[in-house]
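Observations on the model geometry
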2 protein chains.
Amino acid sequence: MTARAPLTREEVVAVAADLVKQHGPQALTMRKLAAELGTAVTSIYWHVGNRESLLDALVERTVADLGGFRPRGATPQDRVLSVARTLRRRLRAHPHLIAMVHERGLTERMFLPAQQALVHEVHAAGLRGTRAAEAVRAVLFQVVGHVLVERNRERAPAQHPREEELWGAGTAEEDRVLARALAAPADPERIFTTSVRALVKSLLDPPT
Amino acid sequence: MTARAPLTREEVVAVAADLVKQHGPQALTMRKLAAELGTAVTSIYWHVGNRESLLDALVERTVADLGGFRPRGATPQDRVLSVARTLRRRLRAHPHLIAMVHERGLTERMFLPAQQALVHEVHAAGLRGTRAAEAVRAVLFQVVGHVLVERNRERAPAQHPREEELWGAGTAEEDRVLARALAAPADPERIFTTSVRALVKSLLDPPT
DNA sequence: ACCTGAACACCGTTCAAGT
DNA sequence: ACCTGAACACCGTTCAAGT
């Protein structure tokens, strides 16, 4: 029974990340973390200061782990879509951690790596200056916003509105296909592709 | 000094809402709420069960208060944009409460009132069936997602990337206007209008 | 330099007891 | 039917004391 290896700041953050990934953010208490690490609660404070700093480090680590982008596709439109898809997939890989990044106000920091790739593509599509910047930001808002809404749906109590609730007075009651499509659960993957494609098409098309 | 008026469930929820609106979600503890109400902590439990149920009621109330929509504008495109703008404004009116709705997984419930209005408009634009349903959902995801990202930016430590960070190797270093536009803080209002307009244009245009 | 237990203030919740 | 205080388990944090 040898003594425990000396605690490090990196180990604390790594084990905290595991705890959140597996059991959600509410499972990350200083006491549970200490138990997981096999140390006294107060040891953690020496390495990370306090709980706030620990969460900062955790969220920083998550953002840094997002990584860079290698767009695929023949046209700028396709390559922007590929960046969007990759970003969505990476964000969805660790939903609890991404939720924490968002709750701690660092959503925008998640933009950075994708931003570099998108700048290149809108430039290739012929956009310049302010208009290019707006296109990049519109796509980023779109992708990250979509993932936030989508993730939410997944952990929701999954109550879809009954068909009758969908219609105001004098609305298209006759469109049964539409009614059933809206009453059924949405297919987020499809919404994502449809809407990113639609947005990119409008943004990158030369104004006529 | 007459005795306190008898406590009601509605009063508990209302005061809880005020507490959250003014001081944020973390200010809503059972003990602080009791102090605000002028009762013993344990009285609250008789009326609302426990903290979870209280939050459910609070979030339900917030969603119900969103209200209906009266689209304005000459074309379906304009009226969809007006619904999007109104929804954004209402969501932004009580950021703390909306954040709670989101954290508790009821984001989708916020869709309902706007959904009725949007169904009418995409129908007027000539869309039917599945394609209409996809358009409605794409716009809702877009608007709500945007508001979530936007709100996040506002309470963030406001650290914008320095210009150099924006560029990968071999990227358009020569576009100074783009560089400066991306280094400056984003104008969310503008991004919102630009991207909703672009999305709606693509979705409602007849396929050619 | 690193770790520890005791102690403090705060939290949600239960329960027996009051009216 | 409604309200109360005492008590319990859990939390983040500080601090004096150890090595």
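Residues numbered from 1 in each chain as written. Chains lettered and ligands numbered in written order. Predicted model: local features only at pLDDT ≥ 70, side-chain atom pairs only at ≥ 80, totals over all residues. Heavy atoms only, no water.

Cross-referencing UniProt, the feature "DNA-binding region" (unreviewed entry) maps to residues 29–48 of chain A in the present numbering. With 80% helix and 0% strand, residues 29–48 of chain A has its two end C-alpha atoms placed 14 Å apart. (UniProt positions renumbered as here; feature names shortened; annotations may be inferred. Helix = DSSP H or I, 4+ residues; strand = E, 2+ residues; numbered from the N terminus.)

Let us look at the protein's contact with DNA strand D. In the neighbourhood of DNA strand D, 18 residues make up the surrounding shell, with Arg31(A), Thr42(A), Thr42(B), Trp46(B) and His47(B) lying closest. Backbone atoms, meaning sugar plus phosphate, form 52% of the atoms of DNA strand D positioned within 4 Å of the protein. Contact distances for DNA strand D include 2.7 Å between a phosphate oxygen and a side-chain N or O atom of Ser43(B). Residue His47(B) places a side-chain N or O atom 2.5 Å away from a phosphate oxygen belonging to DNA strand D. (Near = heavy atom within 4 Å. Polar contact = N/O pair within 3.5 Å; in protein donor to acceptor, adjacent residues only side chain to side chain.)

Attention now goes to the interface of chain A and chain B. Each partner contributes to the interface: chain A provides 65 residues, whereas chain B provides 65 residues. Regarding the contact of chain A and chain B, the summed buried area is about 5500 Å², with carbon and sulfur atoms giving 61% of it. If you sort the residues of chain A by the area they bury against chain B, Arg137(A), Phe141(A) and Val149(A) come out on top, with a joint share of 12%. Across the pair Glu108(B) and Arg153(A) runs a salt bridge whose closest N-O atoms are separated by 2.4 Å. On inspection of chain A and its partner chain B, the count reaches 21 residue pairs in polar contact (both at pLDDT 80 or more). Mapped by element, the contributors of at least two residues to the side of chain A that touches chain B are helix H6 (95–103), helix H7 (112–124), helix H8 (129–155), helix H9 (176–183) and helix H10 (188–204) of chain A. Here the side of chain A that touches chain B gets 19 residues from one element, more than from any other, and that element is H8(A). Its residues assigned to classes, the side of chain A that touches chain B comprises 29 nonpolar, 21 polar and 15 charged. (Contact = heavy atoms within 4.5 Å. Buried area = accessible area lost by both parts, 1.4 Å probe. Salt bridge = Lys/Arg side-chain N within 4 Å of Asp/Glu carboxyl O. Nonpolar A, V, L, I, M, F, W, Y, C, P; charged D, E, K, R; others polar.)

All names here are of chain A. The domains assigned to chain A are domain 1 (9–64) and domain 2 (68–204). For domain 1 versus domain 2, the distance between C-alpha centres works out to 31 Å. Counting residues at the interface gives 12 residues for domain 1, matched by 10 residues for domain 2. Overall, the association of domain 1 and domain 2 removes approximately 1200 Å² of surface from exposure, summing both partners, and the carbon and sulfur fraction of that is 73%. (Domains from an automatic or database assignment.)

Quick look at the confidence of the model for chain A now. Averaged over every residue, the pLDDT of chain A is 90; residues scoring 70 or more account for 89%. Within chain A, no element has a lower average pLDDT than H9(A), which sits at 84, and none a higher one than helix H3 (residues 41–48) of chain A, at 98. (pLDDT = per-residue confidence, 0-100.)

Using the criterion set out here, one finds 4 cavities of 30 Å³ or more in the structure. By volume, the largest cavity amounts to about 120 Å³. If you go around the largest cavity, you meet 13 residues; those closest to its centre are Ala99(A), His102(A), Glu103(A), His102(B) and Glu103(B). Elements with a minimum of two residues in the lining of the largest cavity: H6 and H8 of chain A together with helix H6 (95–103) and helix H8 (129–155) of chain B. Of all the elements, H8(A) adds the most residues to the lining of the largest cavity, at 4 residues. Of the residues belonging to the lining of the largest cavity, the class tally is 4 nonpolar, 3 polar and 6 charged. (1 Å grid on protein atoms, 1.4 Å probe; cavity = no way out; pocket = protein on both sides within 12 Å on 5 of 7 lines; lining within 4 Å. Points joined across faces, edges and corners; volume = space filled by probe spheres on them.)

Our focus in this paragraph is the protein's contact with DNA strand C. Close contacts around DNA strand C come from 18 residues, with Thr42(A), Ser43(A), Trp46(A), His47(A) and Arg31(B) the closest. The contact atoms of DNA strand C, taken as those within 4 Å of the protein, divide so that sugar and phosphate hold 51%. Here a phosphate oxygen of DNA strand C and a side-chain polar atom of His47(A) are 2.5 Å apart. Among the elements of the structure, H3 of chain A together with helix H2 (30–37) and helix H3 (41–48) of chain B are those that each provide at least two residues to the surface near DNA strand C. The biggest single contributor to the surface near DNA strand C is H3(A), with 4 residues. Here the residues of the surface near DNA strand C sort into 7 nonpolar, 7 polar and 4 charged.

This part covers the environment of Glu150(A). Note on placement: Glu150(A) falls in helix H8. Accessibility expressed as a relative area gives 1% for Glu150(A), which makes it buried. Taking the C-alpha atoms as reference points, Glu150(A) and Thr39(A), 111 residues apart in sequence, are found 38 Å from one another. With residues up to four places along the chain from it excluded, the contact list for Glu150(A) reads Arg88(A), Arg92(A), Pro188(A) and Phe141(B). Here the side chain of Glu150(A) touches Arg92(A) through a polar contact of 2.9 Å, side chain to side chain. (Buried < 20%, exposed > 50% of the residue type's maximum accessible area, 1.4 Å probe, protein only.)

It is worth spelling out the packing of aromatic side chains at this point. Residue and element names in this part refer to chain A. Tallying each qualifying case throughout the model produces 2 aromatic pairs over all chains. For the cation-ring pair, Arg-88 lies above Phe-192, with the distance from its terminal atom to the ring centre recorded as 5.2 Å. One residue, Arg-90, lies across the ring of Phe-69, its end atom 4.6 Å from the ring centre. (Phe/Tyr/Trp six-rings, centres within 6.5 Å; stacked < 30°, edge-to-face > 60°. Lys NZ or Arg CZ within 6 Å of the ring centre and 35° of its normal.)

Here we take up the relation of the copies chain A and chain B. With an RMSD of 0.0 Å, the operation that places chain A on chain B is a rotation of 180 degrees combined with a shift of 0.0 Å along the axis. Those values place the two copies in the arrangement expected of a two-fold rotation axis. In terms of C-alpha distance to the rotation axis, chain A has Gly145(A) as its closest residue, with the C-alpha 1.8 Å off the axis. When you check the interface residues of chain A against chain B, 100% turn up at the interface there too, and the contact is symmetric in its surfaces. (Least-squares fit on C-alpha atoms with pLDDT ≥ 70 in both.)

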